[in-house]
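As a plain string of letters, each chain reads:
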Amino acid sequence: MLRRLREPAPPQPERCAFCGLHLPSGHQHLVDTEERSLACACTACGMLFRQAGAAGDRYRAVPDRYLSDPGPGLDEAAWVTLRIPVSTAFLFRNAVLDRLVALYPSPAGATESELDEETCRAALTGTRLAGMLEPDVEALLLRRTGGRIQCLLVPIDVCYELVGRMRLRWQGFDGGAEARADLDAFFRRVTGRAKALPEEEPA
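Because the structure is predicted, anything quoted here is derived from the model rather than measured.

A look at the side chain of Asp136
Assignment of secondary structure puts Asp136 in the loop between α4 (117–123) and β8 (138–145). It turns out Asp136 is buried and unbridged, and the closest side chain with the opposite charge, Arg60, is 4.3 Å from it. A distance of 3.2 Å separates a polar atom in the side chain of Asp136 from the backbone nitrogen of Ala95. If we ignore the near neighbours within four places in the chain, the residues touching Asp136 are Val31, Thr33, Arg60, Phe92, Arg93, Asn94, Ala95 and Ile156.

Structure, rendered in structure tokens:
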């Protein structure tokens, strides 16, 4: 009996936040713009909230768009301007605040980095992706490795998935080998899904 009491409870299946239906892995998410949080949704409820004006536009469906920009991209000067203290971060436009918000993974979860709007815009002029962001539901995912800065446009829930993974695996000051390996695997997967924008026509 004591042995049974010590056994961890099996993980509970996720449910739709609106109708309570059990959800499979890979289900869709909605952004609660008032609470700045994600809500799990079944297909039917997700379609309902895609209609204009549903729930006073409080909930927005997270799209499934992954993009990369084959152009020059962001450089070291842009990274310094953004003042991001770690190698990985994501930026999204918060519609309520009407400004860009920068977050990065940490042992405590998603940590916000203070950004000046004009300075941030100037830093992001090197990529067309910045002007394509859908507020609240998409983000620019950035990673600086070996002097190169990778920039991808991804669904916002992917970024929070990364935050959760890093929080679970983080060890020591710099995250540790397991966290770095997981970060590499995560970016390989996300990069593999990204569709490159067409090359810009020469002026």
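The rest of the description comes next.
Focus: the environment of Thr119
Note that Thr119 resides in helix α4. Residues Thr119 and Leu82, 37 residues apart in the sequence, show an inter-C-alpha distance of 7.7 Å.

Description of helix α5 (residues 156–169)
The terminal C-alpha atoms of α5 lie 21 Å apart, and with 14 residues this matches the ideal 20 Å at 1.5 Å per residue to within 8%. Among the residues of α5, Ile156, Asp157, Val158, Cys159, Leu162, Val163 and Met166 are the ones counted as buried.

Looking at the confidence of the model for the protein chain
On average, residues of the protein chain carry a pLDDT of 83, and 88% of them reach 70 or more. Per-element confidence in the protein chain ranges from a low mean pLDDT of 41 for helix α1 (residues 2–6) to a high of 96 for strand β4 (residues 67–68). Within the model, pLDDT remains below 50 along residues 1–10, and this stretch shows zero contacts once partners closer than five positions in the same chain are excluded.

Focus on the nonpolar core
Counting 24 residues, the largest nonpolar core has Phe90, Leu141 and Val190 as the members making the most contacts within it. Each residue touching Phe90, except ones within four places of it in the same chain, is listed here: Val101, Ala102, Leu103, Ala139, Leu140, Leu141, Ile156, Cys159, Tyr160 and Val163. Grouped together as the second largest cluster of nonpolar side chains are 23 residues, Ala78, Ile84, Ala123 and Cys151 included.

A closer look at the sheet that holds strand β3 (residues 59–61)
Sheets are built from strands paired through backbone hydrogen bonds, the pairs being either parallel or antiparallel. Spatially, the three strands line up as an open sheet ordered β2-β1-β3, and their pairing is antiparallel. With one partner strand each, in any of the chains shown, β2 (37–41) and β3 form the two edges of the open sheet. The mean angle between the axes of side-by-side strands here comes to 35 degrees, regardless of whether they run parallel or antiparallel.

Describing the packing of α5 against helix α6 (residues 176–193)
At a minimum axis separation of 9 Å, α5 and α6 run at an interaxial angle of 160 degrees. Judged on the interaxial angle alone, α6 and α5 are roughly antiparallel. Note that α5 runs across α6; the crossing there is right-handed. Here α5 contributes Val158, Glu161, Leu162, Arg165, Met166 and Arg169 to the contact with α6, which in turn contributes Glu178, Ala179, Asp182, Leu183, Phe186, Phe187, Arg189 and Val190. Grouping the constituent residues of the contact of α5 with α6 by class yields eight nonpolar, no polar and six charged.

Re the environment of Glu178
By secondary structure assignment, the location of Glu178 is in helix α6. Separated by twelve residues in sequence, Glu178 and Met166 have C-alpha atoms that sit 9.4 Å apart.

Calculation criteria
- Residues numbered from 1 in each chain as written.
- Predicted model: local features only at pLDDT ≥ 70, side-chain atom pairs only at ≥ 80, totals over all residues.
- Heavy atoms only, no water.
- Helix = DSSP H or I, 4+ residues; strand = E, 2+ residues; numbered from the N terminus.
- Buried < 20%, exposed > 50% of the residue type's maximum accessible area, 1.4 Å probe, protein only.
- Lys, Arg positive; Asp, Glu negative; His and termini not counted.
- Salt bridge = Lys/Arg side-chain N within 4 Å of Asp/Glu carboxyl O.
- Polar contact = N/O pair within 3.5 Å; in protein donor to acceptor, adjacent residues only side chain to side chain.
- Contact = heavy atoms within 4.5 Å.
- Expected span 1.5 Å × (residues − 1).
- pLDDT = per-residue confidence, 0-100.
- Core = buried A, V, L, I, M, F, W, Y, C linked by side-chain atoms within 4.5 Å.
- Pairing = 2+ DSSP bridges.
- Axes fitted to C-alpha atoms, helices over the stretch in contact; angles between N-to-C directions.
- Parallel < 35°, antiparallel > 145°, perpendicular 65-115°, else oblique.
- Left-handed = near helix turned anticlockwise from the far one by under 90°.
- Nonpolar A, V, L, I, M, F, W, Y, C, P; charged D, E, K, R; others polar.

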